[in-house]
Amino acid sequence: MRGAMLHGPRDVRVESRPDPRIEQPTDAVIRLAATCVCGSDLWPYRGIEAVSGPAPMGHEYVGVVEEVGSDVRHIEPGQFVIGSFFASDNTCEICQTGYQSRCVHAESMGAIGTQAEYARVPLADGTLVATPGTPSDDLVPGLLAASDVLGTGWFAAVAAGAGPGKTVAVVGDGAVGLLGVLAAQQLGAERIVIFSRNEARQKLATEFGATDVIVERGDDGVAALNELTGGLGAHSTIEAVGTQESMMQAIRSTRPGGYVGYVGVAHDVALPGDELFFSGVHLHGGPAPVRRFLPELIELICNRSIDPGKVFDLTLPLDEAAEGYRAMDERRAIKTLLRP
Ligand SMILES: [Zn+2]
């Protein structure tokens, strides 16, 4: 099969990879209908995260089940399925409390690499959720978004306590931040403020439900938010970047007693203890347990209540994955969808 491999910084090649096969009786093999490039793929792409040798890429996926192992009970060939970036059994104590991304048997789909024609999915019964019937083609981008960026933005909004009567601030105008806006809107937030200086992203944020845009960032952004909120700050802040600056901006944007839901993969973030102590904010985040939200998100997408697929502003054949990475790296694209 064809699949994307990262050979070194800014060196993505689509090449021949071994066809995946059932390795464990709990595995499934799926044929990808669509896959995509994640903001977090840019960390190794830019060389900020070390890569040892050629590495398979991609952890977002939707597709059709080709084959299942002998212990798989609920997933069957022919189903259209969606899974998250961590395979999970969905039965252990951690999964049962809704933290499937930290399942005691979690397996990284990034190590398997779903920017490919086919992928092996471990723990198929726990990981995959089937759609009701085969979705029409125009729903595929939305369903693919549910695999990571929508599920991650949704978790951030839930972790931040977004809901009726709440002012939600969103740090980060990438796909996750934009879908955090959508999630906050769906959860009933009263006011949703996005920090963004990019016109196309501001426009999409507004479509998704943002009520205010702040173009300043860092402490200037915090000051602008304070002005909007009577000096109090947001009840709920979504952090969707993962840098020292974005994390501090999120904490400083949040009122005492408020919540920060942080989902940007942290890179060299160090929190000053004294400031954290006096902030009085709740911090909750990490790798989003997307599996928790998949059944609900699939329903909202299939009945056309939400259209998270709008975050894909570039679609390319899988063979042109390198251009898909370049476009996101240079911020020419919000998110690239790849068609195998
Ligand atoms: Zn588990």
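Note that the structure is predicted; figures quoted are calculated from it, not measured.

Caption draft 1: Region of the structure containing the overall build of the protein. Of the regular secondary structure elements, the protein holds 13 helices and 18 strands. With respect to the principal axes defined by its C-alpha atoms, the protein has extents near 60 × 40 × 40 Å. Counting only residues that meet the buried cut, the protein has 54% of its 340 residues in that class. Summing over all exposed atoms, the protein offers an accessible surface of approximately 13,900 Å²; the carbon and sulfur share of this is 50%. Of the charged side chains in the protein, 27 are positive and 43 negative, and the gap between their average positions amounts to 2 Å.

Caption draft 2: Region of interest: the coordination of the zinc ion. Here the zinc ion is held by the protein donor atoms Asp 89 (OD), Cys 92 (SG), Cys 95 (SG) and Cys 103 (SG), which lie 2.1 to 2.3 Å from it. Taken together, the 4 donor atoms coordinating the zinc ion span angles of 94 to 124 degrees at the metal, a pattern that classifies the geometry as tetrahedral.

Caption draft 3: Highlighting unusual backbone geometry. The backbone of Arg 10 sits at a positive phi, close to 55 degrees, despite the residue not being glycine. Structurally, the position occupied by Arg 10 is in the loop between strand 1 (2–8) and strand 2 (11–16). When its relative accessible area of 47% is taken as the criterion, Arg 10 is described as partly exposed. A positive phi is found at Asp 268, a non-glycine position, where the angle reads about 55 degrees. Mapped onto the elements, Asp 268 comes out in the loop between strand 15 (254–262) and helix 11 (273–279).

Caption draft 4: Structural view of the pattern of salt bridges. Applying the stated rule across the entire model yields 20 salt bridges. Residues Asp 27 and Arg 120 are paired through a salt bridge, measuring 2.9 Å at the closest nitrogen-oxygen approach. On the criterion of sequence distance, the pair formed by Asp 27 in the loop between strand 2 and strand 3 (28–36) and Arg 120 in strand 9 (residues 118–121) is long-range, its members being 93 residues apart. Since its relative accessible area comes to 0%, Asp 27 is described here as buried. The salt bridge involving Arg 304 is made with Asp 138; its shortest N-O contact spans 2.8 Å. Placement of Arg 304 in the loop between helix 12 (290–302) and strand 17 (314–317) and of Asp 138 in the loop between strand 10 (129–130) and helix 5 (140–146) is noted, with a sequence separation of 166 residues between them. What makes Asp 138 partly exposed here is its relative accessible area of 49%.

Caption draft 5: The arrangement of the side chain of Thr 336 in detail. Residue placement: Thr 336 occurs in strand 18 (residues 336–339). For Thr 336, a relative accessible area of 0% translates into the label buried. Within the structure, the side chain of Thr 336 is placed 3.0 Å from the backbone oxygen of Gly 324, a separation counted as a polar contact. Apart from the residues lying within four places of it in its own chain, the contact partners of Thr 336 are Thr 35, Cys 36, Val 37, Phe 312, Leu 314, Leu 316, Gly 324 and Met 328.

Caption draft 6: Inspection of the environment of Ala 106 at higher detail. Relative to the elements of secondary structure, Ala 106 occurs in the loop between helix 2 (93–96) and strand 8 (107–108). Each C-alpha atom, one on Ala 106 and one on Ala 184, is 28 Å from the other, the two residues being 78 residues apart in sequence. Ignoring anything within four residues of it in the chain, the contact list for Ala 106 reads Phe 86, Ala 87 and Ser 101.

Caption draft 7: A look at helix 6 (residues 149–159). A large share of helix 6 lies buried, amounting to 10 of its 11 residues. Residues of helix 6 that are buried include every one of Val 149, Leu 150, Gly 151, Thr 152, Gly 153, Trp 154, Phe 155, Ala 156, Ala 157 and Ala 159, and no others. Positive backbone phi, at 70 degrees, marks Gly 161, one or two positions downstream of helix 6.

Caption draft 8: Structural detail: the sheet that holds strand 4 (residues 55–56). Read from one edge to the other, the open sheet built from 3 strands follows the order 2-1-4, with strand pairing classed as antiparallel. Both edges of this open sheet fall to strand 2 and strand 4, since each of them pairs with a single strand only. Of the pairings in the sheet, the one linking strand 1 to strand 2 comprises 6 bridges and is antiparallel in character. Bridge assignment links Leu 6 to a residue of strand 2, and that residue is Val 12.

What counts, and where the lines are drawn
- Residues numbered from 1 in each chain as written.
- Predicted model: local features only at pLDDT ≥ 70, side-chain atom pairs only at ≥ 80, totals over all residues.
- Heavy atoms only, no water.
- Helix = DSSP H or I, 4+ residues; strand = E, 2+ residues; numbered from the N terminus.
- Buried < 20%, exposed > 50% of the residue type's maximum accessible area, 1.4 Å probe, protein only.
- Areas by Shrake-Rupley, 256 points an atom, 1.4 Å probe, with all protein chains shown as cover.
- Lys, Arg positive; Asp, Glu negative; His and termini not counted.
- Charge placed at Lys NZ, Arg CZ, Asp CG, Glu CD.
- Donors = N, O, S within 2.8 Å, 3.2 Å for Na, K, Ca; no water.
- Tetrahedral: all angles 85-135°; square planar, octahedral: opposite > 155°, others 65-115°.
- Salt bridge = Lys/Arg side-chain N within 4 Å of Asp/Glu carboxyl O.
- Polar contact = N/O pair within 3.5 Å; in protein donor to acceptor, adjacent residues only side chain to side chain.
- Contact = heavy atoms within 4.5 Å.
- Pairing = 2+ DSSP bridges.

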